[in-house]
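# Breakdown of the fold
Okay, here's what each chain looks like letter by letter:
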Amino acid sequence: MVDVAVVGGGPAGLSAALYAAKNDLETVVFDTDESWMHKAHLFNYPAVRSVSGDEFLALARGQARDRGADLVDAEVTSVEESGEGFAVATEDDEYEATYVVLATGGDRSLAEDLGCDFTDEDVVDVTLDMETSVENVYATGAMGRPEKWQAVIAAGDGAAAVLDILSKEKGEYYHDFDMPSDVPEL
Ligand SMILES: Cc1cc2nc3c(=O)[nH]c(=O)nc-3n(C[C@H](O)[C@H](O)[C@H](O)COP(=O)(O)OP(=O)(O)OC[C@H]3O[C@@H](n4cnc5c(N)ncnc54)[C@H](O)[C@@H]3O)c2cc1C
């Protein structure tokens, strides 16, 4: 049983994975590597002057992996409620997860299959913390927005979802705050 299954490895999913793994949640990310970022070049991501979408993905994958996330190159074919959590299936495997963070970009089919509510604009209906109408299932990034698709917004959605998960786990609001003294000495 993993703590968090993230479906999708674009900015939303990789941000969710970073926040989860960095805070000691057992985290697995499934991705079919068709992120819109492969077509993008970022000049509008704060603190990043210029980076190709490909490089952004490589850095974000490395960052999540360094913190302990398990990145799996596979399509998730179904997510179903099961016992205490969710059964997340790929063609070859099945994982049990306590929380699911959907981050599948413009493809909202897994949320539909799970029975998540949709808005009048036909996107997944989420709270400010990105939780769907199905408890412990989050929908982040492009899947919860009819337009306004930006990498920084998607990354923010992933972070918001996992802060909510961490707050549930700890029983109080949680902040992922670091300070200069947290930087390891080289
Ligand atoms: C031409 C173009 C230029 C752009 N330029 C900019 C820009 O300059 N600045 C900016 O901020 N934004 C830009 N964007 C938008 C930006 O790319 C998106 O906002 C961002 O990629 C959305 O992130 P996401 O994580 O929601 O989805 P995505 O990045 O699309 O990631 C979704 C991931 O989920 C995977 N996936 C889907 N279904 C499954 C499944 N069942 N199992 C496993 N994996 C699955 C996909 O393969 C993909 O890797 C641009 C987009 C395009 C198309």
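Criteria and thresholds
- Residues numbered from 1 in each chain as written.
- Predicted model: local features only at pLDDT ≥ 70, side-chain atom pairs only at ≥ 80, totals over all residues.
- Heavy atoms only, no water.
- Helix = DSSP H or I, 4+ residues; strand = E, 2+ residues; numbered from the N terminus.
- Rg over C-alpha atoms; globule rule 2.2 N^0.38 Å.
- Buried < 20%, exposed > 50% of the residue type's maximum accessible area, 1.4 Å probe, protein only.
- Contact = heavy atoms within 4.5 Å.
- Pairing = 2+ DSSP bridges.
- Phe/Tyr/Trp six-rings, centres within 6.5 Å; stacked < 30°, edge-to-face > 60°.
- Salt bridge = Lys/Arg side-chain N within 4 Å of Asp/Glu carboxyl O.
- Right-handed = clockwise from strand over helix to strand, strands pointing away.
- Axes fitted to C-alpha atoms, helices over the stretch in contact; angles between N-to-C directions.
- Parallel < 35°, antiparallel > 145°, perpendicular 65-115°, else oblique.
- Left-handed = near helix turned anticlockwise from the far one by under 90°.
- Nonpolar A, V, L, I, M, F, W, Y, C, P; charged D, E, K, R; others polar.

## Brief notes about the overall build of the chain
- Scanning the chain from N- to C-terminus turns up four helices and nine strands.
- Reading the secondary structure of the chain in the N-to-C direction produces β-α-β-β-β-α-β-β-β-β-α-β-α.
- Computed over the C-alpha atoms, the radius of gyration of the chain is 16 Å, within 12% of the 16 Å expected from 2.2 N^0.38 for a compact globule of 186 residues.
- Principal-axis analysis of the C-alpha atoms gives the chain an extent of 45 × 35 × 35 Å.
- Buried positions account for 47% of the 186 residues belonging to the chain.
- Sequence separation of 24 or more characterises 54% of the internal contacts of the chain that already satisfy a separation of 6 or more.

## Section: the pairing of strand β7 (residues 85-90)
- Within β7, six of the six residues are buried, which leaves it mostly tucked inside the rest of the structure.
- Relative to β7, strand β6 (residues 76-82) is paired through six bridges, and the arrangement is antiparallel. Note on β7: the bridge partner recorded for Ser82 is Gly85.
- Taking the residues between adjacent antiparallel strands as the criterion, β6 and β7 are bridged by two residues, where Gly83 takes a positive phi near 55 degrees.
- The sheet contact formed by β7 and strand β8 (residues 94-102) spans four bridges and is antiparallel. Looking at the pairing, Ala87 lines up with Glu96 of β8.
- Counting the residues that bridge the hairpin from β7 to β8 gives three residues.

## Some remarks on the packing of aromatic side chains
- Applying the stated criterion to the full structure yields three aromatic pairs.
- A centroid spacing of 4.9 Å and a plane angle of 80 degrees characterise the contact between Phe30 and Tyr95, whose relative ring orientation is edge-to-face. You can see Phe30 sitting in strand β2 (residues 27-30) and its partner Tyr95 sitting in strand β8, a full 65 residues away along the chain.
- Residue class for Phe30 comes out buried when judged on its relative accessible area of 1%.
- Between the aromatic rings of Trp36 and Trp149, the centroid separation amounts to 5.0 Å while the plane-to-plane angle is 65 degrees, which identifies the pairing as edge-to-face.

## Considering the pattern of salt bridges
- Applying the stated criterion to the full structure yields six salt bridges.
- Arg61 serves as the salt-bridge partner of Asp31, at 3.8 Å between the closest nitrogen and oxygen. Taken together, the positions of Asp31 in the loop between β2 and β3 (41-42) and Arg61 in helix α2 (residues 53-66) put the pair 30 residues apart, joining distant regions of the chain.
- Asp31 sits in the buried class, given a relative accessible area of 17%.

## Here we look at the pairing of β8
- Here five bridges tie strand β1 (residues 2-7) to β8, and the two strands are oriented parallel to one another. Across the sheet, residue Val6 finds its bridge partner in β8, namely Val101.
- Here three bridges tie β8 to strand β9 (residues 137-139), and the two strands are oriented parallel to one another. Of the residues in β9, the one forming a bridge with Val100 is Val137.
- Regarding topology, helix α3 (residues 109-114) serves as the crossover connection from β8 to the parallel β9, and that connection is right-handed.

## Concerning the packing of helix α1 (residues 11-22) against α2
- Remark: α1 packs on α2, axes separated minimally by 9 Å, with the N-to-C direction vectors making an angle of 20 degrees. It follows that α1 is roughly parallel to α2 by the angle criterion. Taken as a pair, α1 and α2 cross one another with a handedness that is left-handed. Facing α1, whose interface residues are Pro11, Leu14, Ala17, Leu18 and Ala21, α2 presents Phe56, Leu57, Ala60, Arg61, Gln63 and Ala64.
- Among the residues making up the contact of α1 with α2, the classes are represented as nine nonpolar, one polar and one charged.

Keep in mind these numbers describe shape, not what the thing actually does.
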